[in-house]
Amino acid sequence: MEDRENGKKPKKSVTVCGYPLSIFFIVVNEFCERFSYYGMKAVLVLYFRYFLRWDDDLAITIYHTFVALCYLTPILGAIVADSWLGKFKTIVYLSIVYTLGQVVMAISAIHDITDANKDGTPDNMTFHVALSMVGLILIALGTGGIKPCVAAFGGDQFEEHQEKQRSTFFSIFYLSINAGSLLSTIITPILRAQECGIYTQQKCYPLAFGVPAALMVVALIVFIVGSRMYNKVAPKGNIMLEVCKCIWFAVKNRFRNRSSSIPKREHWMDWADEKYEKLLIAQIKMVLKVLFLYIPLPMFWTLFDQQGSRWTLQATTMDGDFGLLVIQPDQMQTVNPILILGFVPIVDSVIYPLIAKCGLNFTPLRRMTVGMFMAALAFIAAALVQLQIDETLPVFPASNGGQIKVYNLDNAMVDVNVGGQNFMVDPFMSNSKYLSFEGVVNIDINKTGKTLVLTNGTRMSLVITKTFPNCTLYKDITEKPEQGENAIRFLNGFRENLNVTSLGNIPLTEMSEYALVPQGNAQFVIQTLTDMCTYSMAVGFGSAYTVIIPDTFTIADCGGLRLEEDIGPNVVHMAWQIPQYFLMTMGEVVFSVTGLEFSYSQAPSNMKSVLQAGWLFTVAVGNIIVLIVAEAAQLPDQWAEYILFASLLIFVCVVFAIMAYFYTYTDPAEVEARFTELEPEGKDNDRKRRSLELHDRKESLEKEYQRKSRSSSGSSSLHEAQAGKATSM
């Protein structure tokens with residue numbers, strides 16, 4: 001291999017077990033980079049939702065905009081690397097940009113920077129939003145820009161006689177991708193769930209972003225350390241630019257010759273043959289034929305990439321207690337990489353052979369159709385889960401009304417009539433359920449009337465004391481506690497003021513604010529002037545309780561406390577999300593891996609990168625569709641939005657099936673060979689020589705592929721799956 005940067009052959013590379021030592025730096029770099037990207041991405045939508053305080057729709061909009069940018073920038077990275085800087089410099093420069101973006105994201109999540117009053121809430125949220133957007137743009141530019149370069153740069157490290165080692169390298173390379181993504185989606189949610197801060201303790205987003213930033217620094221350093229060992233191929237032009245120029249010339253030429261007197265040509269690309277080779281035109285025709293089939297594909301990615309947004313937010317309203325493990329909502333994404341590693345060999349070694357034995361012609365396009373259908377089924381499963389969640393959610397007050405609950409701190413039972421509804425409330429108890437009303441509410445307590453005005457959209461607690469008609473209204477929370485936490489407050493009906501851990505002093509007959517506690521065993525220390533005790537209560541996810549301290553409360557053992565449920569805990573278990581992940585992952589294996597295989601088989605030998613760019617572009621468009629559909633639909637219920645996306649994909653699936661039915665498979669090598677044979681003897685010898693070289697290279701690749709297929713069909717399929725996973729990352 002020539003080192004074209006200095007015009008001379010490089011010194012023989014150092015090898016370990018037959019492999020260039022340089023590839024170990026590249027593999028470690030890729031592992032760290034994928035850990036960095038997926039670790040940051042795993043907690044991103046929750047950062048938007050709970051740190052920046054955006055609503056669900058805005059959080060999802062920005063999330064998918066970021067993902068779309070990550071899949072648009074690879075085209076830019078490939079052009080820069082192939083046309084100007086070369087792969088090595090492109091990776092280094094854009095990795096620096098990438099690292100800066102991760103560091104900026106970590107800084108943006110430090111709430112103490114603008115928390116002047118030290119209450120745990122940033123005072124200048126605009127500052128944090130601006131830093132976040134700058135960080136995400138830099139990350140999108142960096143991760144997307146190096147995406148098409150790293151694997152190809154690794155392949156450049158091998159000599160021509162090292163075909164077997166090169167094949168093994170790509171398997172190890174893609175294994176490092178899956179390892180990095182799997183570990184990061186397990187670890188960073190755990191880091192996020194910790195509490196940290198200088199003045200106040202909050203969810204530790206700085207650590208969740210800081211560790212990926214540190215891994216990106218390691219990735220950059222490791223890659224640069226191996227610099228002297230790399231074979232660096234100088235840029236030699238990008239085929240995508242040549243393709244775009246040829247297409248543009250054909251369009252312009254056709255427009256100039258639109259007169260009816262000018263003879264028509266068989267294909268509109270034939271209008272480029274005045275300037276470009278017939279072989280190049282034929283190759284572009286084959287590429288356009290495949291790209292036309294790509295038109296329906298973005299809809300699959302529209303559903304697939306919502307695993308990190310809508311499905312993660314769905315998990316925040318579910319029970320994550322798996323007994324020995326407590327799963328964070330953003331950790332459910334790990335189900336996908338775990339399942340895909342098991343599904344690939346099963347599909348390749350069991351399912352496809354069984355289908356073949358049944359005599360069914362399960363072509364690549366039919367497989368892709370099935371994959372799209374399975375993704376639609378996954379969203380139908382998600383809709384069914386959402387319906388179950390919605391049934392367990394409390395009824396919160398409407399925008400044109402309010403709700404009220406009555407607490408009795410008297411030693412005797414009280415007779416209460418609220419808006420015509422009559423009931424009795426026992427001493428140091430409540431009426432259990434909230435009552436809904438609109439506007440003015442008339443309340444009679446032991447036949448004594450009182451008029452209250454409820455604010456629309458609020459929940460209130462009315463506390464009746466021994467000094468009635470004096471009573472107090474307290475404002476309650478009107479939504480589930482965020483991030484699966486639990487809201488606990490205390491109502492003091494004891495004989496004196498009390499002090500409760502994290503809530504401070506609670507005067508007699510008054511109610512405290514809510515304290516947020518995580519799932520598990522919540523403990524509160526209750527103090528009088530002379531004694532104290534520790535009160536423990538087991539809490540799940542997303543609940544709210546009021547602890548009533550009656551006058552019979554015994555400080556010695558914290559006895560006599562009464563628990564009132566304001567909001568029930570999440571009861572739908574996160575395990576119910578596994579079927580939708582199962583269907584989506586199976587769809588990914590059948591769709592993504594097969595799609596890459598199909599594209600490779602139908603692409604000319606020198607235009608694989610064009611179809612690779614087209615494939616990545618479908619992912620970007622899919623994320624843009626999420627924004628368009630979600631904003632245009634404005635459906636009130638989340639389950640209905642899931643059904644809408646599933647319906648759209650089923651419709652697109654039918655369209656794709658029709659397109660696939662009329663598609664004619666071609667053999668690019670055969671087409672290229674035919675154009676080589678048709679080239680007149682003695683005419684444009686340089687062009688003919690290049691065509692022959694291209695044809696020979698194609699035959700060589702085919703022989704290599706056949707040899708590998710004979711040696712290990714299962715291994716090659718796993719490799720393709722890993723390649724597919726890398727492409728979709």
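This structure is a prediction, so every number in the text was calculated from the model and none was measured.

**What to know about the overall build of the chain**
Item 1. Helix and strand content of the chain: 18 helices and 21 strands.
Item 2. In terms of overall dimensions, the chain has C-alpha extents of about 110 × 60 × 55 Å along its principal axes.
Item 3. Out of the 729 residues in the chain, the part that is buried amounts to 53%.
Item 4. For the chain, restricting intrachain contacts to residue pairs at least 6 apart in sequence, the fraction spanning at least 24 positions comes to 73%.
Item 5. By element, 60% of the accessible surface of the chain is carried by carbon and sulfur atoms, the whole surface being about 32600 Å².
Item 6. A gap of 11 Å separates the mean positions of the 60 positive and 68 negative side-chain charges of the chain.

**Describing the sheet that holds strand 19 (residues 532–539)**
Item 1. With antiparallel pairing, the four strands of this open sheet are ordered in space as 16-15-18-19. Of all the strands in the sheet, the pair left with one neighbour each is strand 16 (504–506) and strand 19. Averaged over all adjacent pairs, the angle separating strand axes in this sheet is 30°, with direction ignored.
Item 2. Strand direction decides the pairing type here: strand 15 (residues 498–500) and strand 16, joined by three bridges, are antiparallel. Looking at strand 16, one finds that Val 500 is bridged to Gly 504.

**Structural notes on helix 14 (residues 608–633)**
Item 1. Between its terminal C-alpha atoms helix 14 stretches 37 Å, which fits the 38 Å expected from 26 residues at 1.5 Å a residue.
Item 2. Just downstream of helix 14, Gln 634 is the residue with a positive phi angle, here 50°.

**So, the sheet that holds strand 20 (residues 544–549)**
Hydrogen bonding along the main chain pairs the strands of a sheet, whether they run parallel or antiparallel.
Item 1. An order of 17-14-20-21 is seen for the four strands of this open sheet, with the pairing classed as mixed. Of all the strands in the sheet, the pair left with one neighbour each is strand 17 (515–517) and strand 21 (562–567). Strand-to-strand, the axes of this sheet are offset by a mean angle of 30°, without reference to chain direction.

**Brief notes about the state of the cysteines**
Item 1. Counted by the stated rule, this structure contains two disulfides.
Item 2. By sequence order of its bonded cysteines, the chain has the disulfide arrangement 1-2, 3-4.
Item 3. Summary of cysteine pairing: Cys 32 is not part of a disulfide, and the nearest cysteine sulfur, belonging to Cys 149, is at 18 Å.
Item 4. With no disulfide partner, Cys 246 has as its closest neighbouring cysteine sulfur the one in Cys 244, 10 Å distant.

**Topic: the nonpolar core**
Item 1. Within the largest apolar cluster, 143 residues are counted, with the highest numbers of intra-cluster contacts made by Leu 44, Tyr 47, Phe 48, Phe 66, Phe 209 and Met 372.
Item 2. Excluding residues that lie within four positions of it along the chain, Leu 44 makes contacts with Tyr 63, Phe 66, Met 105, Leu 136 and Phe 209.
Item 3. Of all hydrophobic cores here, the second largest spans 23 residues; its members include Val 500, Phe 524, Cys 558 and Leu 561.

**Remarks on the pattern of salt bridges**
Item 1. Tallying each qualifying case throughout the model produces 16 salt bridges.
Item 2. Here Arg 49 ties to Glu 482 by a salt bridge, and the two come within 3.8 Å at their closest N and O atoms. Pair noted here: Arg 49 is in helix 1 (residues 22–51) and Glu 482 is in the loop between strand 13 (471–476) and strand 14 (486–492), with a separation of 433 residues, a long-range link. The residues Arg 49 and Glu 482 share a single accessibility class, namely buried.
Item 3. Residues participating in the shared-partner salt-bridge network are Arg 49, Arg 53, Asp 56 and Glu 482.

**A short note on the packing of aromatic side chains**
Item 1. Counted according to the given criterion, the structure contains 40 aromatic pairs.
Item 2. Arranged with centres 5.5 Å apart and planes meeting at 85°, the rings of Phe 379 and Tyr 642 form a pair that is edge-to-face. Of this pair, Phe 379 sits in helix 12 (residues 364–392) while Tyr 642 sits in helix 15 (residues 638–661), and the two are 263 residues apart along the sequence.
Item 3. Here Phe 379 falls in the buried class, since its relative accessible area comes to 0%.

**Things to note about the pairing of strand 5 (residues 402–408)**
Item 1. Counting buried positions along strand 5 yields seven of seven residues, so the element is predominantly enclosed.
Item 2. Covered by surrounding structure in strand 5 are Gly 402, Ile 404, Val 406 and Asn 408 together with Gln 403, Lys 405 and Tyr 407, the residues of both alternating faces.
Item 3. Sheet topology note: the strand 5/strand 9 (residues 435–437) ladder contains three bridges and is antiparallel. Each bridged residue has a counterpart across the sheet, and for Gly 402 the counterpart in strand 9 is Phe 437.
Item 4. For strand 5 and strand 12 (residues 459–464), the ladder comprises six bridges, and the chain directions are parallel. Across the sheet, Tyr 407 pairs through a bridge with Val 463, a residue of strand 12.
Item 5. Looking at chain direction, strand 5 and strand 8 (residues 429–430) are connected through two bridges and run antiparallel.

**Considerations on the environment of Glu 485**
Item 1. As for its position among the elements, Glu 485 is in the loop between strand 13 and strand 14.
Item 2. Sequence-wise, Glu 485 and Leu 516 are 31 residues apart; in three dimensions their C-alpha atoms are separated by 6.2 Å.
Item 3. If we ignore the near neighbours within four places in the chain, the residues touching Glu 485 are Glu 195, Lys 203, Leu 516, Val 517, Phe 541, Gly 542 and Ser 543.

**Some words on the packing of helix 14 against helix 15**
Item 1. Remark: helix 14 packs on helix 15, axes separated minimally by 11 Å, with the N-to-C direction vectors making an angle of 130°. In terms of orientation, helix 14 and helix 15 fall into the oblique class. Crossing hand, helix 14 versus helix 15: right-handed. Across the interface between the two elements, Val 626, Val 629, Ala 630 and Ala 633 of helix 14 pack against Glu 641, Leu 644, Phe 645 and Leu 648 of helix 15.
Item 2. Taken together, the residues that form the contact of helix 14 with helix 15 break down as seven nonpolar, no polar and one charged.

**What about the side chain of Thr 334?**
Item 1. Topologically, Thr 334 is positioned in the loop between helix 10 (310–315) and helix 11 (335–357).
Item 2. Among the polar contacts listed, one links the side chain of Thr 334 to the backbone oxygen of Gln 331, at a separation of 2.7 Å.
Item 3. Sequence-distant contacts of Thr 334, defined by excluding residues within four places in its chain, comprise Leu 182, Thr 185 and Ile 186.

**Things to note about the confidence of the model for the chain**
Item 1. Mean pLDDT over the chain stands at 86; residues scoring 70 or higher make up 91%.
Item 2. Low pLDDT, under 50, characterises residues 1–9; the stretch is placed with 17 contacts to residues that sit more than four places away or in other chains.
Item 3. Between residues 700–729, whose pLDDT stays under 50, and residues either more than four places distant or in other chains, the model counts 50 contacts.

**Describing unusual backbone geometry**
Item 1. Even without being a glycine, Arg 53 presents a positive backbone phi close to 65°.
Item 2. Among the structural elements, Arg 53 can be located in the loop between helix 1 and helix 2 (56–85).
Item 3. For Lys 118, which is not a glycine, the phi torsion comes out positive at approximately 55°.
Item 4. Structurally, Lys 118 can be placed in the loop between helix 3 (87–108) and helix 4 (125–155).

Cut-offs and rules
- Residues numbered from 1 in each chain as written.
- Predicted model: local features only at pLDDT ≥ 70, side-chain atom pairs only at ≥ 80, totals over all residues.
- Heavy atoms only, no water.
- Helix = DSSP H or I, 4+ residues; strand = E, 2+ residues; numbered from the N terminus.
- Buried < 20%, exposed > 50% of the residue type's maximum accessible area, 1.4 Å probe, protein only.
- Contact = heavy atoms within 4.5 Å.
- Areas by Shrake-Rupley, 256 points an atom, 1.4 Å probe, with all protein chains shown as cover.
- Lys, Arg positive; Asp, Glu negative; His and termini not counted.
- Charge placed at Lys NZ, Arg CZ, Asp CG, Glu CD.
- Pairing = 2+ DSSP bridges.
- Axes fitted to C-alpha atoms, helices over the stretch in contact; angles between N-to-C directions.
- Expected span 1.5 Å × (residues − 1).
- Disulfide = S-S within 2.5 Å.
- Core = buried A, V, L, I, M, F, W, Y, C linked by side-chain atoms within 4.5 Å.
- Salt bridge = Lys/Arg side-chain N within 4 Å of Asp/Glu carboxyl O.
- Phe/Tyr/Trp six-rings, centres within 6.5 Å; stacked < 30°, edge-to-face > 60°.
- Parallel < 35°, antiparallel > 145°, perpendicular 65-115°, else oblique.
- Left-handed = near helix turned anticlockwise from the far one by under 90°.
- Nonpolar A, V, L, I, M, F, W, Y, C, P; charged D, E, K, R; others polar.
- Polar contact = N/O pair within 3.5 Å; in protein donor to acceptor, adjacent residues only side chain to side chain.
- pLDDT = per-residue confidence, 0-100.

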